[in-house]
Amino acid sequence: MQPTSSFWLKNSPYDQVHTTPELPRRSPVVVIGGGITGVSTAYWLARLGMGVTLLEQRGVSGGATGRNGGHIAPAPIEKFIATLERHGKETACALRQFCEKTVAAIQAFVSEHQVDCDLRFTGGVELASSPEELVYLQQAAEVLAKHDIAFDFWNADQCAEQTRSPDFLGGLYIATRGQIWAARLVFAIAEQAMQLGVNIQTQTQVQSVETINGTLNVITNRGTIQADQVVHATNAWASHLLPWVSNIIIPIRGQVLVTEPVQPMWDFCFSTNFDYEYCIQRPDGRIVLGGMRWRSPTMEENIDDDSEVNSFVSRGLRSFLPTHFPDLNFIQIEQEWTGIMGFSPDGNPLIGPLPNRPGEWIAAGFTGHGMSRTFYAGKAIAEMILGKEPEVFVEAFLPSRFLDQDSQRLLQKAG
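All of the points below concern the structure found in this document. (Residues numbered from 1 in each chain as written. Predicted model: local features only at pLDDT ≥ 70, side-chain atom pairs only at ≥ 80, totals over all residues. Heavy atoms only, no water.)

### Overview of the packing of aromatic side chains
Working step 1: Scanning the entire structure with this criterion turns up 20 aromatic pairs.
Working step 2: Ring centres of tryptophan 44 and phenylalanine 375 lie 5.3 Å apart, and the angle between their planes is 55°; on these two criteria the pair is classed as tilted. Here tryptophan 44 is found in helix α1 (residues 36-47), whereas its partner phenylalanine 375 is found in helix α8 (residues 374-385), with 331 residues between them in sequence. Residues tryptophan 44 and phenylalanine 375 agree in their burial class; the two are buried.
Working step 3: Relative to phenylalanine 325, the ring of phenylalanine 270 lies with its centre 5.8 Å away and its plane at 45°, an arrangement referred to as tilted. One end of the pair, phenylalanine 270, is in strand β13 (residues 269-272); the other, phenylalanine 325, is in the loop between α7 (311-324) and β16 (333-343), and 55 residues separate them in sequence. Here the two residues phenylalanine 270 and phenylalanine 325 agree in accessibility, since each one is buried.
Working step 4: Taken together, the aromatic side chains of Tyr43, Trp44, Phe109, Phe375 and Tyr376 make up a single cluster linked through ring pairs. (Phe/Tyr/Trp six-rings, centres within 6.5 Å; stacked < 30°, edge-to-face > 60°. Helix = DSSP H or I, 4+ residues; strand = E, 2+ residues; numbered from the N terminus. Buried < 20%, exposed > 50% of the residue type's maximum accessible area, 1.4 Å probe, protein only.)

Here you go:
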């Protein structure tokens, strides 16, 4: 099945890439997955002097990275609060620092290599549409204030003025939120990785990873590669090769549309009720809107098929802008697509060694906020493979936190 066509992937330059005509027979490291996580991991490994082969079933950035809503948030508010409640202040602050350093590293990369990816930080606001949501935002603001996180709180009049809509009761504005053409960033990272010697092989499906006589064998539809280390960077599809994570990394289908160019509405991005809906207006005037999973009877959970759009979600997305913004009453939709995200039970990704599988690593389960985590997730994995202490890391990311008795049995069976 062909995936839906994403606005971000028009004229993608790396759909058909074979750095070498055939797969290498051996590679020190094989990275599985060509989204921002896998490409970042390959880039950092190559910078550290490792030989790397990257395998991607589609084209580079053909999965969730090339199908998102265009947002980048250095420290998502709801993730900070959830981590604070689950793990305490130390871990929550470590997570925030990890995200901030990841985004700073992306900014530095974009600047150094002059990447044309529309990266800009004009702020973003969480909007309340009901009294209940307003109370939640007010409580969130109290938490942020206690931890010295800068924000502005908009009342209903300020929301009406800023959003050009009378329908929002309050807003929590964070100046560090922004937007990005993520696929273009990934293309640039891939280009730099190849210049450093990474062998990229797209349109290559990995069928299994098996240990034979102490050597990892990555078996694909185009042949087998022997490797010393294997990195699973397939996010929502991780369970296809690692059955034990099927109840840990849950595929969830997101849906996004893009409109025709319209007059300037907002220079900030916004979301409602912490990502029920999320929206940006691009520099070209097009509006990108995603969300509305709550319109689906299944909430789009446990779905890894991005070949079609959900009609319930589609109706919600298409009615949202005309319903809430009088200036957009007759706006036309140009394109609509889906992408598959990987959600973990505690909202944190799995980054690190796979328990009971020597030489195998994972970076997956980014729970809809990969842009502020994946670039340095790849760096952390690369440093771990080289036996180094990661420069920036959060212990709560380690996959071993999910290793209960049931998953141990699954691991032993899979191994």
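### Some remarks on unusual backbone geometry
Working step 1: Within the chain, glutamine 114 stands out as a residue other than glycine whose phi angle is a positive 50°.
Working step 2: Within the secondary structure layout, glutamine 114 lies in the loop between α3 (89-113) and β4 (124-128).
Working step 3: Taking relative accessible area as the criterion, glutamine 114 reaches 65% and is therefore assigned exposed.
Working step 4: Look at glutamate 300: it is not a glycine, yet its phi comes out positive at around 60°.
Working step 5: Mapping glutamate 300 onto the fold places it in the loop between β15 (287-291) and α7.

### Let's talk about the nonpolar core
Working step 1: The biggest cluster of nonpolar side chains holds 66 residues, and the ones touching the most others in it are Leu185 and Phe375.
Working step 2: When neighbours within four sequence positions are excluded, phenylalanine 375 is seen to be in contact with Ser40, Tyr43, Trp44, Thr102, Ala105, Ile106, Phe109 and Ile189.
Working step 3: Counting 23 residues, the second-largest nonpolar core is a separate cluster that includes Val125, Leu127, Phe168 and Phe325. (Core = buried A, V, L, I, M, F, W, Y, C linked by side-chain atoms within 4.5 Å. Contact = heavy atoms within 4.5 Å.)

### Topic: the pairing of strand β10 (residues 215-220)
Working step 1: Pairing between strand β9 (residues 206-212) and β10: six bridges, direction antiparallel. Directly across from valine 209, in β10, lies its bridge partner valine 218.
Working step 2: What sits between the antiparallel neighbours β9 and β10 is a turn of two residues, in which asparagine 213 has the positive phi angle 55°.
Working step 3: Judged from the five bridges that link them, β10 and strand β11 (residues 223-232) form a sheet pairing that is antiparallel. Within β11, the residue paired with isoleucine 219 across the bridge is threonine 224.
Working step 4: Hairpin connection between β10 and β11: a loop of two residues separates the two successive antiparallel strands. (Pairing = 2+ DSSP bridges.)

### Re the packing of α3 against α8
Working step 1: Contact geometry for α3 and α8: axes closest at 8 Å, N-to-C directions at 100°. Of the possible angle classes, the one that applies to α3 and α8 is roughly perpendicular. In this structure, α3 contributes Phe98, Lys101, Thr102, Ala105, Ile106 and Phe109 to the contact, and α8 contributes Thr374, Phe375, Tyr376 and Ala377.
Working step 2: Of the residues that constitute the contact of α3 with α8, the class distribution is seven nonpolar, two polar and one charged. (Axes fitted to C-alpha atoms, helices over the stretch in contact; angles between N-to-C directions. Parallel < 35°, antiparallel > 145°, perpendicular 65-115°, else oblique. Nonpolar A, V, L, I, M, F, W, Y, C, P; charged D, E, K, R; others polar.)

### Quick notes on helix α2 (residues 77-87)
Working step 1: Here α2 has its buried residues at Ile77, Glu78, Lys79, Phe80, Ile81, Thr83 and Leu84.
Working step 2: Next to the buried residues of α2 lie α3, β4, α4 (131-146) and β6 (170-174).
Working step 3: One or two positions beyond α2, positive phi appears at glycine 88, with a value near 95°.

Shape descriptors only; they carry no functional weight alone.
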